[in-house]
Amino acid sequence: EISAPWDWYRYQGEEGDYGAGKYSGIACGPTCVAMAIQYVRNEKKKIWEICKFIENTGQNITNGTTLNSLETALEHYGIHFRTIKHNVNVDKIV
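The numbering scheme is per chain: residues are counted from 1 as the chain's sequence reads. Residues qualify for local features only when their pLDDT is at least 70, as the model is predicted, and side-chain atom pairs are given and counted only at 80 or more; totals for whole chains, interfaces and linings, by contrast, use all residues. By convention in this description, side-chain values take in all heavy atoms of the structure and omit both hydrogens and water.

**What about the pattern of salt bridges?**
Move 1: Salt bridges are defined as contacts in which a side-chain nitrogen from Lys or Arg sits within 4 Å of a carboxyl oxygen from Asp or Glu. Counted under the stated rule, the structure contains six salt bridges.
Move 2: Across the pair Glu14 and Arg10 runs a salt bridge, and its minimum N-O distance is 2.9 Å.
Move 3: The closest approach of N and O atoms between Lys46 and Asp17, which form a salt bridge, is 2.6 Å. Pair noted here: Lys46 is in the loop between α1 (28-41) and α2 (47-56) and Asp17 is in the segment before α1, with a separation of 29 residues, a long-range link.
Move 4: What you see here is one network of salt bridges that share partners, running through Arg10, Glu14 and Lys44. We count a stretch as a helix when DSSP gives it H or I for four or more residues in a row; a strand needs E for two or more, and each element gets its number in order from the N terminus.

Following this line, the structure appears as C-alpha cells:
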C-alpha cells in the first residue's frame, strides 16, 4: 500500500492567490506539478504561475497541457520523476 500525507493535496479550482485563476478549467496537469513540488520539497507553488511557466515555453494551454510540458515544468522546478508510458503495476515501480 502506498501512503502519503494529505497536506500536499491541491485542487485546480482552489481559490485565492495559490489557485489556478483564469486557468482553473484546464489546470489539472499544472496542479499535479504543484502537488509534486509540495510533496517533495514542502514548498507551496502558485498553480497559475506553473501554468504561466508552461505558456512561456511556447505551448498554448487553452485546451490543456501535454505530458512533455509537464515534464519540462517538473525539470524546471527540480523535481525528479520517471515517466511511465506503459500499462504496468505502479505499486511495483514505487
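**Side note on the packing of α2 against helix α3 (residues 67-76)**
Move 1: Direction vectors running N to C along α2 and α3 enclose 115°, while the axes themselves pass 10 Å from each other. Comparing their axes, α3 and α2 come out roughly perpendicular. The element α2 and its partner α3 pack so that their crossing is right-handed. Contact residues: α2 offers Ile50, Phe53 and Ile54, while α3 offers Ser69, Leu70, Thr72, Ala73 and His76.
Move 2: By residue class, the composition of the contact of α2 with α3 is five nonpolar, three polar and no charged. Each axis is a line fitted through C-alpha atoms, taken for helices only over the stretch in contact, and angles between the N-to-C directions span 0 to 180 degrees. Convention used here: angles under 35 degrees read as roughly parallel, angles over 145 as roughly antiparallel, angles from 65 to 115 as roughly perpendicular, and any remaining angle as oblique. Each crossing gets its handedness from the near helix: less than a right angle anticlockwise from the far helix is left-handed, clockwise is right-handed. Contacts are assigned to residue pairs that have any heavy atoms within 4.5 Å of one another. Gly is placed with the polar residues, together with every amino acid not listed as nonpolar (Ala, Val, Leu, Ile, Met, Phe, Trp, Tyr, Cys and Pro) or charged (Asp, Glu, Lys and Arg).

Scope: geometric values only; no functional claims are made or implied.
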